[in-house]
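Each chain, written out:
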Amino acid sequence: MSKCVICKNKIGFFAKYFTVDTGEKVCKNCLSSSEPEILIENLSSAADVAFHMDNSVGDAYLSSIGRKSLSDSRRENEEANKKRLQQELDQKRHLEELAKKRKKAADKAARQEIFHFKVRGTTHYDLAKMVSYARKNDLFDPYDGYTTADIKEFLPYEEVYETDLVGLISAIEFRADPNNEYDKNAIKVIATLDDGEYMLGYVPAESTKDISKIMTKQNNGSIALKINYTLTGGKYKIAEDKEEEFDFDEDWDVEKEMQQEESETDLTKNLRIKSGKKEYGFIYSII
């Protein structure tokens, strides 16, 4: 007596069953549980029948032979769709968050002021003193750590300054100076370095009105200032060509001199280091 390959029930001698292309026998109950219109097109194996049964019996058979059931495929599709919808939702939320950040940044930018100016009167106040203090206390690496050889090799013909004080100034403050004998609207520029205050100079007269407005906005909390600064001038080193001394001796061998120059591969041999100093300046960018 035969058994149905799917449900394992016995098939009576006179019972109706279906033999698929692979020779497997499927009972009437299993066959009737499948979708007839699909079976007409897919009768190659018992697995095809079990797949379209879409019930626990068919699923158990498919599991035993390592095949996915219709419910497995449906569940995977549902999970894939759920994942896709979640990704779309996450993307939508991400775009909404970006839009909020952009709007917030745009609103903030609309409230902010941007000014660039060079501090006036730096030669008369504490700027050089501040640099000197930083130098004496080893607060910066002179010439950005470039040695004389480095300047010759990597920065020839370029003025390399002793320092720009980047990162050393902990605070910058604007203070009104109503007692100023020249301008009652004058505004001092004060820098704090290593807990010491240094009066660097004054806001240019043409900018005091704008800076005064910014100070008011900052004091009432409507804006938060970001101040960048650049120190200009000071001590510098530069690698320049050596001054040639010409000897117009009648026995001077021009060809030999040219051959000597062609054979000289170290270009730095013809450079010398020159030291100099330019007047200090201080430039502010207020955002």
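Residues numbered from 1 in each chain as written. Predicted model: local features only at pLDDT ≥ 70, side-chain atom pairs only at ≥ 80, totals over all residues. Heavy atoms only, no water.

This next bit is on the overall build of the chain. Each helix and strand counted, the chain has nine helices and eleven strands in total. Expressed as a percentage of the 287 residues in the chain, the buried residues total 30%. Residue pairs in contact within the chain that sit at least 24 positions apart in sequence constitute 61% of those at least 6 positions apart. (Helix = DSSP H or I, 4+ residues; strand = E, 2+ residues; numbered from the N terminus. Buried < 20%, exposed > 50% of the residue type's maximum accessible area, 1.4 Å probe, protein only. Contact = heavy atoms within 4.5 Å.)

Judged by nonpolar contacts, the single largest core of 29 residues is most densely connected at Met130, Phe174, Ile211, Phe282 and Tyr284. At the level of secondary structure, the elements contributing two or more residues to this core comprise strand 5 (115–118), helix 6 (127–136), strand 7 (169–176), strand 8 (187–193), strand 9 (196–202), helix 8 (208–219), strand 10 (227–241) and strand 11 (271–286). In this structure, Val5, Cys27, Ala46 and Tyr61 belong to the second largest nonpolar core, which totals 18 residues. (Core = buried A, V, L, I, M, F, W, Y, C linked by side-chain atoms within 4.5 Å.)

Looking at the element boundaries, Glu158 is found in the loop between helix 7 (148–154) and strand 6 (160–161). For Glu158, the residues in contact, after removing those within four places along its chain, are Lys237 and Ile238.

Moving on, we get to the layout of surface pockets. Its volume calculated, the second largest pocket comes out at about 180 Å³. Forming the boundary of the second largest pocket are Arg120, Tyr125, Asn180, Tyr182, Asp183, Ala186, Ile187, Tyr202, Val203, Pro204, Ala205 and Thr208. Looking at the lining of the second largest pocket residue by residue, the classes come out as eight nonpolar, two polar and two charged. (1 Å grid on protein atoms, 1.4 Å probe; cavity = no way out; pocket = protein on both sides within 12 Å on 5 of 7 lines; lining within 4 Å. Points joined across faces, edges and corners; volume = space filled by probe spheres on them. Nonpolar A, V, L, I, M, F, W, Y, C, P; charged D, E, K, R; others polar.)

In this section: unusual backbone geometry. Backbone geometry at Tyr143 places phi at a positive 55°, although glycine is not the residue there. The phi torsion at Asp194 lies on the positive side, around 55°, for a residue other than glycine. Within the secondary structure, Asp194 is located in the loop between strand 8 and strand 9. Given a relative accessible area of 41%, Asp194 falls into the partly exposed group.

This next bit is on the sheet that holds strand 9. The sheet built from three strands is open, its strands ordered 7-8-9 with antiparallel pairing. Every other strand in the sheet has two partners, leaving strand 7 and strand 9 as the edge strands with one partner each. When the angles between neighbouring strand axes are averaged without regard to direction, this sheet yields 25°. Running over the sheet, helix 6 touches strand 7, strand 8 and strand 9 and is turned about 145° from strand 9. (Pairing = 2+ DSSP bridges. Axes fitted to C-alpha atoms, helices over the stretch in contact; angles between N-to-C directions.)

Let us now look at helix 4 (residues 56–64). Each full turn of the α-helix corresponds to 3.6 residues, which orients residues three or four apart in the same direction. Inspection of helix 4 places Gly58, Asp59, Tyr61 and Leu62 among the buried residues, and these make up the whole buried set. Relative to the axis of helix 4, the buried residues are bounded by an arc of 160° and lie together on one face. Within helix 4, the exposed residues directed more than 90 degrees away from the buried face are Ser56, Ser63 and Ser64. At the N-terminal end of helix 4, a side-chain oxygen is found 3.2 Å from the backbone nitrogen of Val57, two or three residues along, and the residue is Asn55. Gly66 lies just past helix 4 and shows a positive phi near 75°. (Arc of directions from axis to C-beta. Polar contact = N/O pair within 3.5 Å; in protein donor to acceptor, adjacent residues only side chain to side chain.)

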